[in-house]
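Chain by chain, the residues run as shown.
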Amino acid sequence: MAEVLVYVDHVDGAVRKPTLELLTLARRIGEPVAVHLGPGADTAAAVLAEHGAVKVLAADAPEFADYLVAPKVDALQAAYDAVAPAAVLVPSSAEGKEIAARLAVRVGSGIITDAVDVEAGDEGPVATQSVFAAAFTTKSRVTKGTPIITVKPNSAPVEAAPAAGTVEQLAVTVADSSKGTKVVSRTPRESSGRPELTEAAIVVSGGRGVGGAENFPIVEGLADSLGAAVGASRAAVDAGWYPHTNQVGQTGKSVSPQLYIAAGISGAIQHRAGMQTSKTIVAINKDAEAPIFELVDYGVVGDLFEVVPQLTEEVKSRKG
Amino acid sequence: MSLRIVVCVKYVPDATGDRHFAEDLTTDRDAVDGLLSELDEYAVEQALQISEDADDAEITVLTVGPEDAKDALRKALSMGADKAVHVEDDDLHGTDALGTSLVLAKAIEKAGYDLVVCGMASTDGVMGVLPALLAERLGVPQVTLLSEVSVADGKVTGRRDGDSASEQLEAALPAVVSVTDQSGEARYPSFKGIMAAKKKPVESWDLEDLELEADDLGLAGAWTAVDAVAERPARTAGTIVKDEGEGGKQLAEFLAGQKFI
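Computed from a prediction, not measured in an experiment: that's the story for all the values here.

A. Spotlight on the overall build of chain B. Broken down by element type, chain B carries seven helices and 13 strands. Considering only residue pairs separated by 6 or more positions, chain B has 71% of its internal contacts joining residues 24 or more positions apart. Counting every atom, chain B has about 11,800 Å² of accessible surface; 46% of that belongs to carbon and sulfur. In chain B, the 24 positive side-chain charges and the 51 negative ones have mean positions that sit 5 Å from each other.

Laid out in structure tokens, this is it:
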């Protein structure tokens, strides 16, 4: 059976959920071979094997951390050359897309980004994408070379499918030309302790209606009662009320949770682009004419400062 | 020595309009008005600031697209770019991202450059891969997704804010840079700028000028194919209640019914 390379997104060997989703998709089109770059391959291998990786190609080199993106492309290319895969799947993170794109040029293959589903087809893997602010769904194929597809979080279920997951060291030579962009310093972001925005099952977002940074704890309180991630609209981010890393929308994160709660968000097209594929959508807004209400499964026309705290209390009491 | 900056911009259908696909499943450019991609305005702005800080700099704004794409160039020129290059050729219709990066790379080399500045993504395709593709094709460093950028002493430095960390990056010129919407509000063209833009040179190049064959370009030459397009079914009308003191409780009831609580 044809092998499919899966690029592993991890933090020191702790594999992030989107990679496990990729393994589910990879099994539909072949045998998953995981590519793990950086430290922690042995820790990661156990989890990767449990989810279907027949093999884990591992490489660690200081260059992966010392320079931006290009050394990782060298490594993924080495894995590509070693395996001659039927397809390459990469998580649709900012870095993942850049790595995939550069590999595509090097090996002369087409690239599809931000797939929300991948299935086997007569002429190779077929990728589903959600485009034009999720107003359309397209089905696409790579027609030249080996399909290189980046996949968004929450695109497939995480499934156990035990496989060997044997770790093999991958020999990587980082080219001098890949050391062009130095990472001079790195400041880790403080963890909020909440779920990662793009991976969360529930997202609670605040917008212009929240009125100020000092009011965001109301949104956070609801999120915490539901075990949700916190998002923010561009208006709230531009006003400096919440960090850009939490921005949901066209220029921020695109989320597709089971439940999306929009508090004080009017629903401009740019915001809708980032959340329209959420399974259930709920909005709280005092403007009955706000476009967000066109999308909702349940909407409350009312003051978020009344509705949200009441909801939070109710959630807490029901959860006991 | 003059700092040669090339800013890559895209002419896109207005995202607030009703965007559609044409019969050949490419973007229907007649369905809604086009404009300079909003995210590219940030690239033009950063190029202008870099140019203002340099002793001597020249900004060329570059686009690949149909006749109307000149509008995007005019906007960038009216913001303050010095000259423009429009790559236009009937054989380019339907070109995908890899093909576009090939055309842009050739045009950038022909124009001559020390620094290429791009937006983080287009507002239509939103792939966000073009800057990386260009760096790979040009064989120069990629310094991408910057929320802060500056150029001095033949080096570009910037800050890249990722999910888990914020990185300070540095590369020697020539390089490809992309900037995010956090890099700084783009200026509005002044009346003077708009008038001046009319006199600025706009060169038109076709594939022959770039010594490119059409084989890898256009719809037929693309590395990817769109086989099917479906409009997302309209959402069925949801329940909307007016809060009369119990709105939060009613919402909790709905969420409990959906098993979220």
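There is more to say, and it comes next.
B. Molecular detail of the sheet that holds strand 1 (residues 3-8) of chain B. Sheet architecture is open: 10 strands sit in the order 12(A)-9(B)-8(B)-7(B)-10(B)-6(B)-1(B)-4(B)-5(B)-11(B), paired in mixed fashion. Taken across any chain shown, the strands that pair with only one partner, and hence form the sheet edges, are strand 12 (181-188) of chain A together with strand 11 (202-205) of chain B. Recorded for the sheet is a direction-independent mean angle of 30 degrees between the axes of neighbouring strands. Inspection of the sheet shows strand 6 (residues 115-119) of chain B paired to strand 10 (residues 175-179) of chain B by five bridges, in the parallel sense. Paired with Cys118(B) across the bridge in strand 10 of chain B is Ser178(B). Across the sheet, helix 1 (residues 38-53) of chain B is in contact with strand 1, strand 4 (57-64), strand 6, strand 7 (142-152) and strand 10 of chain B; its angle to strand 1 of chain B comes to roughly 170 degrees.

C. Local environment of the interface of chain B and chain A. In this complex, chain B contributes 78 residues to the contact, which on the side of chain A involves 85 residues. Both faces considered, chain B and chain A share a buried interface measuring about 7,000 Å² in area, 56% of it formed by carbon and sulfur atoms. Contact with chain A buries area across many residues of chain B, yet Glu136(B), Arg235(B) and Phe260(B) alone supply 10% of it, more than any other trio. Connecting chain B to chain A are 12 salt bridges. One salt bridge connects Asp163(B) with Lys253(A), and the closest N-O pair in it is separated by 3.0 Å. At the boundary of chain B and chain A, one finds 48 residue pairs in polar contact (both at pLDDT 80 or more). Those elements that provide at least two residues to the side of chain B that touches chain A are helix 1, helix 4 (130-138), strand 7, strand 8 (155-161), strand 9 (165-172), strand 12 (224-231), strand 13 (239-242) and helix 7 (247-257) of chain B. The element that contributes the greatest number of residues to the side of chain B that touches chain A is helix 7 of chain B, accounting for 10 residues. Residue composition of the side of chain B that touches chain A, grouped by class: 35 nonpolar, 21 polar and 22 charged.

D. Region of the structure containing unusual backbone geometry. Residues Leu173(B) and Pro174(B) are joined by a peptide bond in cis, for which omega reads 0 degrees. At Ala84(A), a residue that is not glycine, the phi angle is positive and equals roughly 50 degrees. Relative to the helices and strands, Ala84(A) resides in the loop between helix 4 (70-83) and strand 6 (87-91). By relative accessible area, Ala84(A) is classed as exposed at 62%. Located in the positive-phi region is Leu145(B), a residue other than glycine, with phi close to 60 degrees.

E. Seen up close, the sheet that holds strand 17 (residues 298-301) of chain A. Reading across the sheet, the six strands line up as 14(A)-13(A)-15(A)-16(A)-17(A)-13(B) and stay open at both edges, with parallel pairing between neighbours. Looking at strand neighbours, the two that pair on one side only are strand 14 (229-232) of chain A together with strand 13 of chain B, the edges of this open sheet. Across the sheet, the mean angle separating the axes of adjacent strands is 15 degrees when strand polarity is ignored. Pairing between strand 15 (residues 259-263) of chain A and strand 16 (residues 280-285) of chain A: five bridges, direction parallel. Residue pairing in the sheet places Leu259(A) in a bridge with Thr280(A) of strand 16 of chain A. The strands touched by helix 6 (residues 216-226) of chain A within the sheet are strand 13 (202-206), strand 14 and strand 15 of chain A, with strand 13 of chain A carrying the most contacts at an inclination of about 170 degrees. Relative to the sheet, helix 9 (residues 304-319) of chain A contacts strand 15, strand 16 and strand 17 of chain A, its axis offset from that of strand 16 of chain A by approximately 135 degrees.

F. Here's a closer look at the packing of aromatic side chains. Under the counting rule described, the total for this entry stands at five aromatic pairs over all chains. Centre to centre, the rings of Phe136(A) and Phe21(B) are 5.3 Å apart; their planes meet at 80 degrees, and the pair counts as edge-to-face. With Phe136(A) in strand 9 (residues 136-142) and Phe21(B) in the loop between strand 2 (11-13) and strand 3 (34-36), the pair connects residues from two separate chains. Accessibility assignment for this pair places Phe136(A) and Phe21(B) in one class, buried. Residues Tyr298(A) and Phe254(B) carry aromatic rings whose centres are separated by 4.7 Å and whose planes lie at 25 degrees to one another, so their mutual orientation is stacked.

G. Local environment of the pattern of salt bridges. Residues and elements named next belong to chain A. The tally for this structure, following the rule as stated, stands at 42 salt bridges over all chains. The partner of Arg16 in a salt bridge is Glu199, and the shortest N-O contact between them spans 2.8 Å. Pair noted here: Arg16 is in the loop between strand 3 (14-15) and helix 1 (17-29) and Glu199 is in the loop between strand 12 and strand 13, with a separation of 183 residues, a long-range link. You can call Glu199 buried: its relative accessible area is 16%. Taken together, the salt bridges that share partners define one network made up of Asp9, Arg16, Glu196 and Glu199.

H. Main features of the side chain of Glu63(A). The residue Glu63(A) is located in helix 3 (residues 63-66) in this model. Among buried charged residues, Glu63(A) stands out as having no salt bridge; its nearest opposite-charge side chain is Lys179(A), 4.0 Å away.

I. Here's a closer look at the pairing of strand 13 of chain A. Residues and elements named next belong to chain A. Along strand 13, five of the five residues are buried, which leaves the element largely enclosed by surrounding structure. Residues Ile202, Val204 and Gly206 point to one face of strand 13 and Val203 and Ser205 to the other, with burial holding for every one of them. Of the strand pairs in this sheet, strand 13 and strand 15 are connected by five bridges, and their pairing is parallel. Among the inter-strand pairings, Gly206 is bridged to a residue of strand 15, identified as Ala263. When strand 13 meets strand 14, the two strands line up parallel, connected through four bridges.

J. Region of interest: the nonpolar core. Ranked by internal contacts, the top residues of the largest apolar core, which has 76 residues, are Leu5(A), Ile5(B), Val7(B) and Val177(B). What Val177(B) contacts, discounting residues up to four positions off in sequence, is Leu115(B), Val116(B), Val117(B), Cys118(B), Val143(B), Leu146(B), Val149(B) and Val156(B). If you look at the next biggest cluster of nonpolar residues, it comprises 33 residues, including Ile202(A), Ala232(A), Val237(A) and Leu304(A).

What counts, and at which threshold
- By convention here, each chain's residues receive numbers from 1 onward along its written sequence.
- By the order in which they are written, chains take letters starting at A while ligands take numbers starting at 1.
- With the structure being a predicted model, the display of local features is reserved for residues of pLDDT at least 70 and the display and counting of side-chain atom pairs for 80 or more, all residues being used for whole-chain, interface and lining totals.
- Note: side-chain values were computed over all heavy atoms of the structure, leaving out hydrogens and water.
- Here a strand is any run of E in DSSP of at least two residues, a helix any run of H or I of at least four, and the numbering for each starts at the N terminus.
- By the convention used here, residues are in contact when the closest approach between their heavy atoms is within 4.5 Å.
- Only the protein chains shown count as covering a residue, and every accessible area follows the Shrake-Rupley method with a 1.4 Å probe.
- In this tally Asp and Glu are treated as negative and Lys and Arg as positive; neither His nor the chain ends contributes.
- Lysine's charge is taken at NZ, arginine's at CZ, aspartate's at CG and glutamate's at CD.
- We call two strands paired when DSSP finds no fewer than two bridges between them.
- In this description, a line fitted to the C-alpha atoms serves as the axis of each element, helices being fitted only across the stretch in contact, and the angle between N-to-C directions of two axes falls anywhere from 0 to 180 degrees.
- Accessible area, probed at 1.4 Å, shrinks when two parts are joined; the buried area is that loss added up over both.
- The rule for a salt bridge is simple: a side-chain nitrogen of Lys or Arg has to be within 4 Å of a carboxyl oxygen of Asp or Glu.
- Two N or O atoms count as a polar contact when they lie within 3.5 Å, although within protein this holds only if one can serve as hydrogen donor and the other as acceptor, and sequence-adjacent residues are included solely when both atoms are side-chain atoms.
- For this scheme, ten residues count as nonpolar: Ala, Val, Leu, Ile, Met, Phe, Trp, Tyr, Cys and Pro. Four count as charged, namely Asp, Glu, Lys and Arg, and the remainder, Gly too, count as polar.
- For the exposure calls, accessible area comes from a 1.4 Å probe over protein chains only, and a residue counts as buried if that area is under 20% of its type's maximum, exposed if over 50%, partly exposed in between.
- The rule is short: rings of Phe, Tyr and Trp, with Trp giving its six-membered ring, pair when the centres are within 6.5 Å, and they are stacked under 30 degrees, edge-to-face over 60, tilted in between.
- Residue types Ala, Val, Leu, Ile, Met, Phe, Trp, Tyr and Cys, when buried and joined through side-chain atoms within 4.5 Å, form a set referred to as a nonpolar core.

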